[in-house]
Each structure stands twice: as C-alpha cells, then as structure tokens.
Amino acid sequence: MSRIFGVAFSAVYPLYLAKVEHKGRSKEELDAVIRWVTGFDDEQLARHASGTTTFREFFDEATLTPRADLVTGRICGIRVEEIQDPLMYRIRVLDKVVDELAKGRPLAKVLREGAGSPASAG
C-alpha cells in the first residue's frame, strides 16, 4: 500500500492551492478541477479540504468523472493511463489535472470540454 493512501486530503489541498496560485490560477479554478474529477459539490469538497479524510476515504466517497480516460500523460514519471491500482490511478488523475491547471492550460481543456472519449472514437 502506498503511504499517500493514508494521508489526509486536507494536508495536500493547501499544497495544490499553493501550486496553482503560484502560477496565477485561482482557488475557484482548483476547486472546479477537483469537483470535475470527484463529482463532489462545494460543501463536500470543503468538508474534505478541512477535515481528516484520507485519500482512500476521499476517493471512496467520490464518483470519478466518466471522462477520466481522457486524462493521459506522465505524472511523477509514470504514465497515468498505465497505472493498475485503482486508487493510485484516481490520485494520479487528480495530480495530473492540477498540474495541467498550474502549467497554464485553459480550464476548459483541463476539464476535457468538447473532447470525445477515446473509446468512442473511430
């Protein structure tokens, strides 16, 4: 089991926020990205961001976006789409979209708006 599974989401949320704000993005954009990945509403996200919920519990309560398969590429040197562990996959999808936001990618592209699913292409 990875150590990150037992880490409180509230310990990582401020790091995500600092990362995106350092690059000129807003808390609202970060929250939009997290809501997109998890299906949480504002109240649920606020509860997790200020509580003791571990990443395992956080994603146990989440409904992963059906468009998660559109999140591809490398995060921490590993291709997101090749991660076998379901929980680690969800964590890395979140990490990847937060990273894209911090790198200046337009919010609509981070949220995969207008993109078709690779499974439906063809």
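Quick caveat, the model's predicted, so the values are computed rather than measured.

What the protein contains, in helices and strands, is six helices and two strands. The helix and strand sequence of the protein, counted from the amino end, reads α-α-α-α-β-β-α-α. Relative to the globule expectation of 14 Å for 122 residues, the C-alpha radius of gyration of the protein, 14 Å, shows essentially globular dimensions. Projected onto its principal axes, the C-alpha positions of the protein cover 45 × 35 × 30 Å. Evaluated residue by residue, the protein yields a buried proportion of 43% over its 122 residues. When contacts within the protein are restricted to residue pairs at least 6 apart in sequence, long-range pairs at least 24 apart make up 66% of them. Surface accessibility of the protein: about 6,700 Å² in total, with carbon and sulfur atoms responsible for 52%.

On to the packing of aromatic side chains, then. In this structure the tally under the stated criterion is seven aromatic pairs. Aromatic pair Phe40 and Phe58: ring centres 5.1 Å apart, planes at 70°, arrangement edge-to-face. Of this pair, Phe40 sits in the loop between α2 (27-38) and α3 (42-50) while Phe58 sits in helix α4 (residues 55-61), and the two are 18 residues apart along the sequence. Phe40 gets classed as buried once you look at its relative accessible area, which sits at 5%. Exposure remark for Phe58: the relative accessible area of 0% places this residue in the buried category. An angle of 15° between the planes, with centres 6.3 Å apart, marks the rings of Phe55 and Phe59 as stacked. Residue Phe55 and its partner Phe59 are located together in helix α4, separated by four residues, close to a single helical turn. Take Phe55 and Phe59: they sit in the same class, and that class is buried. Chaining the aromatic ring pairs together yields one cluster made of Phe9, Tyr13, Phe40, Phe55, Phe58 and Phe59.

Right, let's get into the confidence of the model for the protein. Per-residue confidence for the protein averages 92 on the pLDDT scale, and 93% of its residues sit at or above 70. Across residues 118-122, confidence stays below pLDDT 50; counting only partners more than four residues off in sequence or on other chains, it has three contacts.

Turning next to the side chain of Asp99. Looking at the element boundaries, Asp99 is found in helix α5 (residues 86-102). Separated by 2.9 Å, the side chains of Asp99 and Lys19 make a polar contact. Contacts of Asp99, omitting those with residues within four sequence positions, involve Lys19 and Ile75.

All right, on to helix α1 (residues 9-22) then. For α1, with 14 residues, the first-to-last C-alpha span of 20 Å sits near the 20 Å given by 1.5 Å per residue. Every buried residue of α1 is listed here: Phe9, Val12, Tyr13, Tyr16, Leu17 and Val20. For α1, the angular spread of buried residues about the axis comes to 145°, placing them on one side. Facing away from the buried side of α1 by over 90 degrees, the exposed positions are Leu15 and His22. Lining the buried residues of α1 we find α2, α3, α4 and α5. Of the residues one or two after α1, Gly24 is the one with positive phi, at around 85°.

About the criteria used
Residues numbered from 1 in each chain as written. Predicted model: local features only at pLDDT ≥ 70, side-chain atom pairs only at ≥ 80, totals over all residues. Heavy atoms only, no water. Helix = DSSP H or I, 4+ residues; strand = E, 2+ residues; numbered from the N terminus. Rg over C-alpha atoms; globule rule 2.2 N^0.38 Å. Buried < 20%, exposed > 50% of the residue type's maximum accessible area, 1.4 Å probe, protein only. Contact = heavy atoms within 4.5 Å. Areas by Shrake-Rupley, 256 points an atom, 1.4 Å probe, with all protein chains shown as cover. Phe/Tyr/Trp six-rings, centres within 6.5 Å; stacked < 30°, edge-to-face > 60°. pLDDT = per-residue confidence, 0-100. Polar contact = N/O pair within 3.5 Å; in protein donor to acceptor, adjacent residues only side chain to side chain. Expected span 1.5 Å × (residues − 1). Arc of directions from axis to C-beta.

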